[in-house]
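What follows is the residue order along each chain.
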Amino acid sequence: MQGELKIQETTQRKPKPDTANLSFGVYMTDHMFTMDYKKGEGWHDAKIVPYGPIPMDPAAKVFHYGQTIFEGMKAYMGEDGDIRLFRPEKNFERFNRSCRRMSIPEIDESFVLQALKELIKLDRSWVPSAPGTSLYIRPFAIATENHLGANPSLSYKMMIILSPVGAYYAEGLNPVRIHVETRDVRAVAGGVGEAKTAGNYAASMQAQENAYGAGYSQVLWLDGVHRKYVEEVGSMNVFFRIGDRIVTPSLSGSILNGITRDSSIQMLRDFGFEVEERPVTIDELSAFAEDGTLLEAFGTGTAAVVSPIGEIGWNGKTFKIGGGETGEWTRRLYDELTALQRGDIEDRFGWTEVICSAETTQG
Ligand SMILES: *Cc1c(COP(=O)(O)O)cnc(C)c1O
């Protein structure tokens, strides 16, 4: 449907940033992937071109009705110098699930994954290798029809941009304080919480800013109906160790189905730990914190991989988890999952794929 992938290489490579100060999402690589959709024609004009701005009409529907979705994934370079992707087919499956929810036409997953591999090969010299660093990959789709009618756009643009990102934890795993949000909600079942769509993030910024202002670094979201079931932490899935088992909220329709969540569940079970997916209330967490059985808590997501939680603030009370230190199981999961993603340990799950071998990465 989209025909052949065309590649137009830049004649002017940009200088690389200092890998010690990459931060997150600041620098973009030399190239990007773009593909267009028109009703009747389907997806077409797939190409890799030099990175740069795109012309947009002010009446484009994405600006008015938020018909847009995105993904977030990473490429890693480990000790062996190979560049690997981590379960990328899962991201493109989810891309299409998000598309369906937002009335955006689906993409050909294997064609776009192949195009992504070509894009990374072309920009392979941008993949950082220092511990904790990676190449962040941002596929997205936007409604481009110039028409103010609130109905599905007749045209779309799908793009992939790449950004080298720094270590999330510059000074080692650092437990964060999180604030239980009791006024705003992130999502409700039947809404768009399961889709990676822009509005979810815009709608969460107010609570996030309030939490920052009160000295917390993330929001713990409760469900939108009962306001008692724990759903996510910031834009991460959330896990709790209660005694000798791990619990994580079951996918309720308003929780984003994280690939790091799924990988963590499988890896923790492989360690021999018991993992339960079930509804978790904030009241039970508070009670478990009080009786000393809430031993560890952490968030999971592509950006941080695993983010330990040291303290929860709820309705004016605070409770510390594991004395505010990173828990033993949390650290083990972080260490093994990040080592596996980088190819530093054997991949017993078959989750990684080498897309550029070390001999070809010096380009
Ligand atoms: C992307 C995202 C996650 C994490 O998903 P991963 O696939 O693990 O990166 C969790 N919650 C929200 C709201 C997200 O947008």
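Only a predicted model underlies this, so the values are computations on that prediction, with no experimental measurement involved. (Residues numbered from 1 in each chain as written. Predicted model: local features only at pLDDT ≥ 70, side-chain atom pairs only at ≥ 80, totals over all residues. Heavy atoms only, no water.)

Engineer: Mind showing me how you'd approach the UniProt feature "modified residue: N6-(pyridoxal phosphate)lysine" (unreviewed entry) in the protein here?
Structural biologist: The positions UniProt marks with the feature "modified residue: N6-(pyridoxal phosphate)lysine" (unreviewed entry) are K196. On the basis of relative accessibility, which here comes to 14%, the residue K196 falls in the buried class. (UniProt positions renumbered as here; feature names shortened; annotations may be inferred. Buried < 20%, exposed > 50% of the residue type's maximum accessible area, 1.4 Å probe, protein only.)

Engineer: I'm lost on the side chain of T248 in this one. Help?
Structural biologist: Turning to its location among the elements, T248 is positioned in strand β13 (residues 245-248). Its relative accessible area of 1% is what places T248 among the buried residues. A distance of 2.6 Å separates a polar atom in the side chain of T248 from the backbone oxygen of V238. In this structure T248 touches V238, F239, R261, I265, E276, E277, R278 and V280, once residues within four positions along its chain are discounted. (Helix = DSSP H or I, 4+ residues; strand = E, 2+ residues; numbered from the N terminus. Polar contact = N/O pair within 3.5 Å; in protein donor to acceptor, adjacent residues only side chain to side chain. Contact = heavy atoms within 4.5 Å.)

Engineer: Can you walk me through the site of the ligand in this structure?
Structural biologist: The full set close to the ligand counts 14 residues, and K196, Y201, E232, T260 and T302 are the nearest of them. Here an oxygen atom of the ligand and a side-chain polar atom of R94 are 2.8 Å apart. Isolated, the ligand exposes 380 Å² of accessible area, and the fraction of that covered by the protein chains is 96%. Going through the elements one at a time, β12 (236-242) and α6 (259-270) are the ones with two or more residues in the shell around the ligand. Taken together, the residues of the shell around the ligand sort by class into 4 nonpolar, 6 polar and 4 charged. (Near = heavy atom within 4 Å. Areas by Shrake-Rupley, 256 points an atom, 1.4 Å probe, with all protein chains shown as cover. Nonpolar A, V, L, I, M, F, W, Y, C, P; charged D, E, K, R; others polar.)

Engineer: How should the nonpolar core be read in this particular structure?
Structural biologist: When a protein is soluble and globular, its nonpolar side chains tend to lie buried together. Grouped together as the largest cluster of nonpolar side chains are 49 residues, with contacts concentrated most on F33, L116, I120, M158 and I160. Here this core gets 8 residues from one element, more than from any other, and that element is helix α3 (residues 109-122). Grouped together as the second largest cluster of nonpolar side chains are 45 residues, L173, L220, M236 and F271 included. (Core = buried A, V, L, I, M, F, W, Y, C linked by side-chain atoms within 4.5 Å.)

Engineer: Just checking my understanding: could you explain the pairing of strand β3 (residues 42-50) for this structure?
Structural biologist: Consecutive side chains along a regular strand alternate between the two faces of the sheet. Where strand β1 (residues 6-7) meets β3, 2 bridges bridge the pair, whose relative direction is parallel. Note on β3: the bridge partner recorded for K6 is K47. Summarising the sheet, strand β2 (residues 31-38) and β3 pair through 7 bridges and their orientation is antiparallel. Counted as the bridge partner of Y37 is W43 from β3. (Pairing = 2+ DSSP bridges.)

Engineer: For this particular structure, what's the right way to read the packing of aromatic side chains?
Structural biologist: By convention here, two paired aromatic rings are described through the distance between centres and the angle between planes. Considering all chains together, one arrives at 10 aromatic pairs under this definition. Look at F24 and Y136: their rings are 5.0 Å apart centre to centre, the planes differ by 65 degrees, and that puts the pair in the edge-to-face class. Of this pair, F24 sits in the loop between β1 and β2 while Y136 sits in strand β7 (residues 134-143), and the two are 112 residues apart along the sequence. The rings of Y37, W43 and Y156 are connected pair by pair, giving a single aromatic cluster. A cation over an aromatic ring shows up here: R177 above the ring of Y216, its NZ or CZ 4.4 Å from the ring centre. The positively charged end of R241 is found above the aromatic ring belonging to W329, 3.7 Å away from the centroid. (Phe/Tyr/Trp six-rings, centres within 6.5 Å; stacked < 30°, edge-to-face > 60°. Lys NZ or Arg CZ within 6 Å of the ring centre and 35° of its normal.)

Engineer: What should I look at first to understand the environment of G149 in this one?
Structural biologist: Structurally, the position occupied by G149 is in the loop between β7 and β8 (155-165). Residue classification places G149 among the buried positions, given a relative accessible area of 17%. Not counting chain neighbours up to four residues away, the residues in contact with G149 comprise K61 and Y65.

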